[in-house]
Amino acid sequence: MNQLLLNGEYFPIEDQRLLSATNRAFLYGDGIFETIKLQNKTILFWEDHFNRMMEGANALALDCSRLNKETLKASIISLAELNSLSTARIRIQLWRSPGGLFTPADNTVQYLINATEFTSAPALKRSCFFFEDVPLAYSSISRYKTCNALPYILASIKRKQLGADEMILFNTDGFVSECTSSNIFWLKGETLCTPSLEMGCIEGIVRKQVLSFARQLHIKVLEGQFFKEDLLDADFVFTTNTAGISQLACIEGKVLREKHPLFDQLTEAFSLAIQQQQE
């Protein structure tokens, strides 16, 4: 039976003590989380993940003074080993300690680390549709993975109903934002386009890497606001998240290019970065 790490203590994953009726993540969605890939005892892009998590905690006024980066890293590796996972999907959940109603009594953080089997993103997502029912809104916390994921959940329900592989969400102004659990990029000619963080999307860790690779490769990058028509006019579209990089084959019936040399360069740079981290 797989183990979890709750506030530094191991518990079986099915232990009923894991959820308290006073848990503020359960009561108010008062917390954030981080999803990470561990491969061969290496936590990929650990610095970026940890920094984003701490920035998100600070934005939520969570007191993380008792969380030590190196101790947390060692705990993640130990948990994966305990669960016999050489490659694992790591989820770190942070939430505010119990007490108070909308006004918390205590800002100190509690945490849970889960290590499960890792599933890579598909290389190709064959069908994709737009989801406009529940728009995303930009705010001081929209770039972080907070415990409120309802727009993504509802978009994913619609995706399942349609038998699709992906859904594209918009913000409150009608601009393209992101997908159900990934950032979106597209190539138009020799330019790499992606919604800016002001469009309400998550500041994805792989998104950050792709933008960095693009600039290193001298690929023109355009972050900004785009309507659905801009996306439908793209030559090549792909998504990114911790699980990997996926090409989109079709959006709302429009068939996209199967290959693009700039995409090949970006994916090669991403693969090389992962190899270098494990050396």
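This text goes with the structure placed above it.
Let me sum up the structure you'll find in this document. As a convention, each chain's residues are numbered from 1 in the sequence order in which they are written. In keeping with the model being predicted, local features are shown solely for residues with a pLDDT of at least 70 and side-chain atom pairs are shown and tallied solely at 80 or more, while totals for entire chains, interfaces and linings include all residues. Side-chain numbers here rest on the full set of heavy atoms in the structure, without hydrogens or water.

Overview of the pattern of salt bridges
Link 1 in the chain: A side-chain nitrogen of Lys or Arg and a carboxyl oxygen of Asp or Glu constitute a salt bridge if their distance falls within 4 Å. This structure, assessed with the given rule, holds 13 salt bridges.
Link 2 in the chain: A salt bridge links Asp30 to Arg24, with the shortest nitrogen-to-oxygen separation between them at 2.8 Å.
Link 3 in the chain: Given the relative accessible area of 10%, Asp30 is considered buried.
Link 4 in the chain: On the basis of relative accessible area, Arg24 is assigned to the buried category, the value being 3%.
Link 5 in the chain: The salt bridge partner of Lys228 is Glu132, with a shortest N-O separation of 2.8 Å. Here the residue Lys228 occupies a position in helix α6 (residues 228-232), and Glu132 occupies one in strand β8 (residues 128-136), the gap between them amounting to 96 residues.
Link 6 in the chain: Think of it in three bands: residues with accessible area under 20% of the maximum for their type are buried, residues over 50% are exposed, and the middle band is partly exposed, with areas taken using a 1.4 Å probe on protein chains only. Of the residues examined, Lys228 reaches a relative accessible area of 23% and is grouped as partly exposed.
Link 7 in the chain: The class for Glu132 is partly exposed, based on a relative accessible area of 47%.
Link 8 in the chain: Each of Arg24, Asp30 and Arg96 takes part in one network of salt bridges that share partners. Strands here are runs of E lasting at least two residues and helices are runs of H or I lasting at least four, both read from the DSSP assignment and numbered beginning at the N terminus.

Thoughts on the environment of Ser196
Link 1 in the chain: Mapped onto the elements, Ser196 comes out in the loop between β12 (191-195) and α5 (205-216).
Link 2 in the chain: Residue classification places Ser196 among the buried positions, given a relative accessible area of 9%.
Link 3 in the chain: In sequence terms Ser196 and Glu178 are 18 residues apart; their C-alpha atoms lie 9.9 Å from each other.
Link 4 in the chain: Sequence-distant contacts of Ser196, defined by excluding residues within four places in its chain, comprise Cys201, Arg207, Glu223 and Gly224. The contact criterion used throughout is that any non-hydrogen atoms of two residues lie within 4.5 Å.

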